[in-house]
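Residues per chain, in single letters:
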Amino acid sequence: MNDQEHLASLEALLFASGDGMTLAGLMEILELGEDQLKALLEALAAKYQEDASSALSLRHVENKYLLTVKTEFKDLLARLYRPGYMPPLSPASYETLACVLYNQPVTRAQVEAVRGVNSDGVMARLLERGFIEECGILEQVGRPSLFRVTDKFMLEMGLSSVEDLKPMELLMYDNLRRLESGDEGED
């Protein structure tokens with residue numbers, strides 16, 4: 001196969017996968033080395049970026065590569081997927097999302113400890129909208145569910161990785177526990 005055929009194969013895989021694919025998964029299916037695949041991914045991303053007649057974009061979110069629609073088409077797509085009524089996120093929702101984002105995986109009780117208020121309703125709405133998801137069970141009394149933000153949230157917020165975020169000490173559950181115990185930490 002030549003580079004054009006590899007590029008078309010890569011595009012077909014990313015389109016068909018829907019949720020994106022890891023570098024390792026793409027390497028296995030395409031039977032390509034890492035350097036060659038990364039060069040193809042860069043070429044595909046550049047192709048979409050330079051082509052004003054294409055609405056597609058190649059994104060890298062966490063450890064996956066996926067095809068998305070360019071951000072300038074967000075309003076157009078919102079009309080296509082509009083539910084009966086989807087109100088904007090409330091300040092409480094953003095606060096809860098930040099708690100989950102900075103502490104993931106996190107329990108509902110840990111989110112409530114950081115926020116200082118009951119978060120059941122807000123977390124239910126965020127689950128419903130697909131911005132957070134259950135990602136396991138904490139092995140302690142009561143076996144509470146653990147939550148994390150979804151790739152959908154990362155895409156809508158324009159984030160590539162949680163590691164890209166600046167630390168927000170007051171949103172960190174571990175820091176709250178340390179402050180409550182009177183251990184101010186070392187200066």
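Here, the structure is the one placed above.
These figures come from a predicted structure and were not determined experimentally. (Residues numbered from 1 in each chain as written. Predicted model: local features only at pLDDT ≥ 70, side-chain atom pairs only at ≥ 80, totals over all residues. Heavy atoms only, no water.)

**Focus: the overall build of the chain**
Part 1: A count of helical and extended segments in the chain gives nine helices and five strands.
Part 2: Of all 187 residues assigned to the chain, the portion counted as buried reaches 32%.
Part 3: Long-range pairs, those at least 24 residues apart, make up 51% of the contacts in the chain between residues at least 6 apart in sequence.
Part 4: In the form shown here, the chain has an accessible surface area of approximately 12000 Å², with 53% of it arising from carbon and sulfur atoms. (Helix = DSSP H or I, 4+ residues; strand = E, 2+ residues; numbered from the N terminus. Buried < 20%, exposed > 50% of the residue type's maximum accessible area, 1.4 Å probe, protein only. Contact = heavy atoms within 4.5 Å. Areas by Shrake-Rupley, 256 points an atom, 1.4 Å probe, with all protein chains shown as cover.)

**Here we look at the pairing of strand β2 (residues 56-61)**
Part 1: By the bridge criterion, six bridges tie β2 to strand β3 (residues 64-69) in an arrangement that is antiparallel. For leucine 58, the partnering residue across the bridge sits in β3 and is leucine 67. (Pairing = 2+ DSSP bridges.)

**Notes on the packing of aromatic side chains**
Part 1: Inspection of every chain in the model, using the stated rule, returns one aromatic pair.
Part 2: Where phenylalanine 131 meets phenylalanine 153, the ring centres are 6.1 Å apart and the plane angle is 70 degrees; that geometry is what we call edge-to-face. Of this pair, phenylalanine 131 sits in the loop between α7 (120-129) and β4 (132-137) while phenylalanine 153 sits in helix α8 (residues 151-156), and the two are 22 residues apart along the sequence.
Part 3: Residue class for phenylalanine 153 comes out buried when judged on its relative accessible area of 5%.
Part 4: Over the face of the ring belonging to phenylalanine 131 we find lysine 152, whose NZ or CZ atom lies 5.4 Å from the ring centre. (Phe/Tyr/Trp six-rings, centres within 6.5 Å; stacked < 30°, edge-to-face > 60°. Lys NZ or Arg CZ within 6 Å of the ring centre and 35° of its normal.)

**Looking at the packing of helix α5 (residues 91-103) against helix α6 (residues 108-115)**
Part 1: Relative to each other, α5 and α6 sit at 120 degrees, their axes nearing to 10 Å. The way α5 lies across α6 gives a crossing that is right-handed. Residues Ala92, Glu95, Thr96, Cys99, Val100 and Asn103 of α5 touch α6, and the partners they reach there are Val111, Val114 and Arg115.
Part 2: Class assignment of the residues belonging to the contact of α5 with α6 gives a composition of five nonpolar, two polar and two charged. (Axes fitted to C-alpha atoms, helices over the stretch in contact; angles between N-to-C directions. Left-handed = near helix turned anticlockwise from the far one by under 90°. Nonpolar A, V, L, I, M, F, W, Y, C, P; charged D, E, K, R; others polar.)

**What to know about α5**
Part 1: Relative to the 18 Å expected for 13 residues at 1.5 Å per residue, α5 spans 18 Å between its end C-alpha atoms, a close match to the ideal helical length.
Part 2: Here α5 has its buried residues at Ser93, Thr96, Leu97, Ala98, Cys99, Val100, Leu101, Tyr102 and Asn103. (Expected span 1.5 Å × (residues − 1).)

**Comments concerning the side chain of arginine 59**
Part 1: Position of arginine 59 among the secondary structure elements: in strand β2.
Part 2: Residue arginine 59 is classed as buried on the basis of its relative accessible area of 19%.
Part 3: Setting aside chain neighbours within four positions, we find arginine 59 in contact with Lys64, Tyr65, Leu66, Thr68, Met154, Leu155, Gly158 and Leu159.

**A look at the pattern of salt bridges**
A side chain with one charge may pair with a side chain of the opposite charge, provided their charged atoms come close.
Part 1: This structure, assessed with the given rule, holds seven salt bridges.
Part 2: We note a salt bridge from aspartate 151 to lysine 64, for which the minimum N-O separation is 4.0 Å. Residue aspartate 151 is located in helix α8, and its partner lysine 64 is located in strand β3; the two are separated by 87 residues in the primary sequence.
Part 3: By relative accessible area, which is 31% here, aspartate 151 ends up partly exposed.
Part 4: The exposure class of lysine 64 is partly exposed, given its relative accessible area of 24%.
Part 5: The partner of arginine 148 in a salt bridge is glutamate 133, with the nearest N and O atoms 2.7 Å apart. Taken together, the positions of arginine 148 in strand β5 (residues 145-149) and glutamate 133 in strand β4 put the pair 15 residues apart, joining distant regions of the chain. (Salt bridge = Lys/Arg side-chain N within 4 Å of Asp/Glu carboxyl O.)

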